[in-house]
Amino acid sequence: MKSRLISYRLYLFYTFSSFIVIIISVFFVLSYYRNAQNIYASEQQEIKVYADSVVNSLEQEMDTMSAISMNIVYSNAVRDSFNQFNKTTVQNVDDISARKEAWNLSDYIFITFGAFQRVRQVNMYSLNGYEVSIGNGVMMNKIDLPACPWYAPVMNLAGKKYITAPGPGTQRGEYNLSLIRLFYDNLGQPEGITEVVQDCARLFKTPFELTAGNTNLRIYILSSDGKFLFPYMPDRHIEPLVSPVNSNKNNLIEIRHLENYDWTIYVFENRHVVAKSVRDMKYYYLLLLITILVDTTLICFLISNQLTTSIGRLSDTIKNFELKNVVDGKPGKLFVPDTKVKEIDSLWKTYSTMQEKLALSTKELLLRKSEETKVKLQLSQSFVEPHFLYNILNTISVMAEDNMDDEIIEMCEQLTSYLRYVSKTDESLVSVEEELEMTKNYLEIMKIRYGQDNFFYKMHCPDNLLQIRIPKFVIQPLTENIFKYAFTESPPWKIEISVESDGTVWQLKVTDNGGFFSDEKKNEILTQFAHLDIDSELKNLHIGGAGLKNTYIRIKMRYKEHAVFKIDNSVEGYTSVVIGGLVDDGE
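As a convention, each chain's residues are numbered from 1 in the sequence order in which they are written. Where totals are concerned, whole chains, interfaces and linings use all residues; where local detail is concerned, this predicted model gives features only for residues with pLDDT of at least 70, and gives and counts side-chain atom pairs only at 80 or more. Side-chain descriptors were evaluated using all non-hydrogen atoms of the structure, hydrogens and water having been removed beforehand.

J.: Give me the lowdown on the overall build of the chain, citing residues and values where you can.
T.: Secondary structure elements are defined from DSSP: runs of H or I of at least 4 residues count as helices, runs of E of at least 2 residues count as strands, and each element is numbered from the N terminus. Broken down by element type, the chain carries 16 helices and 18 strands. For each residue, the accessible area found with a 1.4 Å probe, counting protein chains only, is set against the maximum for its type, and the residue is called buried under 20%, exposed over 50%, and partly exposed in between. Scored against the burial criterion, the 587 residues of the chain give a buried share of 41%. Areas reported as accessible are Shrake-Rupley estimates using a 1.4 Å probe. Residue values count occlusion only from the protein chains shown. Entry remark: accessible area of the chain is about 33500 Å², with carbon and sulfur atoms responsible for 54%.

J.: So what about the pattern of salt bridges? Which residues, and what values?
T.: One speaks of a salt bridge when a side-chain nitrogen belonging to Lys or Arg is within 4 Å of a carboxyl oxygen belonging to Asp or Glu. Taken as a whole, this structure holds six salt bridges when the rule is applied. Between Arg-256 and Asp-52 there is a salt bridge whose closest N-O contact spans 3.0 Å. Placement of the pair is Arg-256 in strand S10 (residues 251–258) and Asp-52 in helix H1 (residues 2–74), with a sequence separation of 204 residues. Look at Asp-52 and you get partly exposed, because its relative accessible area is 34%. A salt bridge links Arg-120 to Glu-174, with the nearest nitrogen and oxygen atoms 3.3 Å apart. With Arg-120 in the loop between helix H3 (95–113) and strand S1 (121–126) and Glu-174 in the loop between strand S5 (167–168) and strand S6 (175–184), this pair connects stretches of sequence that are 54 residues apart. Exposure remark for Glu-174: the relative accessible area of 8% places this residue in the buried category.

J.: Any chance you could break down the sheet that holds strand S11 (residues 263–270) for me, citing the residues and the numbers?
T.: Whether two strands pair comes down to DSSP finding at least two bridges between them. On the basis of which strands lie adjacent, the open sheet formed by four strands has the order S9-S8-S11-S10 and antiparallel pairing. Each edge of the open sheet is held by one strand with a lone partner, namely strand S9 (228–230) and S10. Strand-to-strand twist of the sheet, defined as the mean angle between neighbouring strand axes without regard to direction, takes the value 25°. Bridge analysis of strand S8 (residues 217–222) against S11 gives six bridges, and the strand direction is antiparallel. Between N-to-C directions, angles span 0 to 180 degrees; the directions come from axes that are lines fitted to C-alpha atoms, helices contributing only their stretch in contact.

J.: If you had to explain unusual backbone geometry to someone new, which residues and values would you point to?
T.: A cis amide bond links Phe-230 to the next residue, Pro-231, at an omega of 0°. Structurally, Pro-231 can be placed in the loop between S9 and S10. Phi at Ala-158 is positive, roughly 55°, even though this residue is not glycine. Mapped onto the secondary structure, Ala-158 falls in the loop between helix H4 (151–157) and strand S4 (162–163).

J.: Lay out the packing of aromatic side chains in plain terms, naming residues and giving numbers.
T.: Side-chain rings of Phe, Tyr and Trp (the six-membered ring for Trp) are treated as a pair once their centres are within 6.5 Å; stacked means planes under 30 degrees apart, edge-to-face means over 60, and tilted covers the remaining angles. Tallying each qualifying case throughout the model produces 18 aromatic pairs. Judged by centre distance (6.4 Å) and plane angle (15°), the rings of Tyr-266 and Phe-268 are stacked. On the numbers, 5.3 Å between centres and 85° between planes, the contact of Tyr-552 with Phe-565 is edge-to-face. Of this pair, Tyr-552 sits in helix H16 (residues 547–559) while Phe-565 sits in strand S17 (residues 564–568); the two residues are 13 residues apart in sequence, bridging distant segments of the chain. Grouping residues by exposure puts Tyr-552 and Phe-565 together as buried. Through pairs of rings, three or more aromatic residues link up here, namely Tyr-175, Phe-204, Phe-230, Tyr-232, Tyr-261 and Trp-263.

J.: Describe the sheet that holds strand S13 (residues 455–460), naming the residues involved and giving the relevant values.
T.: Note: strands within a sheet are paired through backbone hydrogen bonds, in either parallel or antiparallel orientation. With mixed pairing, the five strands of this open sheet are ordered in space as S13-S15-S16-S18-S17. Every other strand in the sheet has two partners, leaving S13 and S17 as the edge strands with one partner each. Along the sheet, successive strands turn relative to each other by an average axial angle of 10°, direction set aside. Sheet topology places S17 next to strand S18 (residues 575–582); five bridges connect them, and they run antiparallel. In the strand pairing of S18, Val-564 is matched with Gly-580. Whether two residues are in contact is decided by their heavy atoms: any pair within 4.5 Å suffices. Helix H12 (residues 432–450) rests against S13 and strand S15 (493–501) of the sheet, and its axis sits at about 170° to S13.

J.: Explain the pairing of S11 residue by residue, including any values.
T.: Across the eight residues that make up S11, a large majority, seven, are buried. The loop that links S10 with its antiparallel partner S11 comprises four residues; one of these, Asp-262, has a positive phi angle of about 55°.

J.: Explain the pairing of S8 residue by residue, including any values.
T.: In terms of burial, S8 is largely enclosed, as six of its six residues are buried. Side chains of S8 alternate between two faces, with Leu-217, Ile-219 and Ile-221 and Arg-218, Tyr-220 and Leu-222 buried alike. Where S8 lies against S9, two bridges are found, and the strand directions are antiparallel. Pairing of Ile-221 across the sheet is with Phe-230, part of S9. Adjacent in sequence and paired antiparallel, S8 and S9 are bridged by five residues, among which Gly-226 carries a positive phi angle near 85°.

Laid out in structure tokens, this is it:
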């Protein structure tokens, strides 16, 4: 006996300890790899944010420069003033007159576009070699325009924007970047050149701040011809883009392209910094895993030792358990072992109490099952109303007098299919396909009865939703309700049935063009349904005269808090009833 007890204890210990060790080990390994991937993904997402931030700031600044340039070019007041300045310089009028016109030109630009707080400077060039610089002040200079390095490409671009590389400014440590374009007079002849100058410290403020605050982050901005725009200071170190330092293996990389300006932005962050965080996390995980495994093994041993004897006795008692004795109220006397473990003692007492409650629960379950069977029979029978069959038979009689043999055959076939479906009382759930087919039979009968041209119906259900299981007889009562109460206006009448699902909840919508639901009526019905006592309503559950209520009760009973029941009359002239529930509700 002692040998069997020890063997049982060891078996319990090895089983639980091995299972828990495997589960915990797998959990820790998966958790480690998931967290490691999350760290890399988080860093990659941060690089994406950096790249997007750089793109947004550059687009905003460059768009500002481009907008100012375009506004100057297309401003009639500015161009008229520039023409006057140009005429003065071409006619070799005295220098004072030319400077006066230059100040007038600056005044028009200031009046039209305000003070130049968004760019450093605006330069206007006449093609005869005069420059008007407008910024902190106004200056006029005679220059050799063809000697400017940007002159030839600007003329070749014929009015399109040309962007220079960053270059030193007038002040020490200052770097500027210019957006230049040629503009034409009303006759289509070249008239002058406008240059918008921006301080690189402002233009590249975001990439400069990001790299200054993170030594592991590198940002390179290249023009379409492969020249580095950022970093723009010659004393800043620039790694070649194709190098081991900037490889995918050693870095997290994001690349963006500014379409309007043909710039490419490269953002690099050192992967080794992220890898160090992952290594540190690995050592922490290993230490925590070893500690938990040792503690778990010891706990499993202690538990198995404590449980063995009492569980063995409980096992013998369960083997002798007979449900018939419990239902009859004769559970038999239980032997409760003398144990110091509170949970084991409670388990024995709970088992004894369970036997007593099981007897009551079994009887109650049998009663509920009986009631459920009665309700199902009542539901299935209530779907075929006497007056419905009377009307169909009366219709057939009238058609027979008119020798409408084909229509009679069709109506009888549809009615047969409908009654065959109604007579199946052994299933509470059916597929959407079956329910739609039954509803189609019903509507075809009604179409023959009311006339082929008096109403139309349409059904839409994706193929992947046809086999979803839904409660039986939830669509037909809604369509029958439409014929009774909705179609009060002259035909043509329309009915549309659609099914959709997000993978968790299915929803079925029945829409008609009766348009009889007012907001007051809708609110009245929904309020009434929300306060229904379903237990008492079940005793009088039927379809005739209460199709909406019956459908609501059946959906609510089936899916409880997940049930969907809505009435929509937001579209004028149309009313929709939407029902639904969980897709995987089961049987």
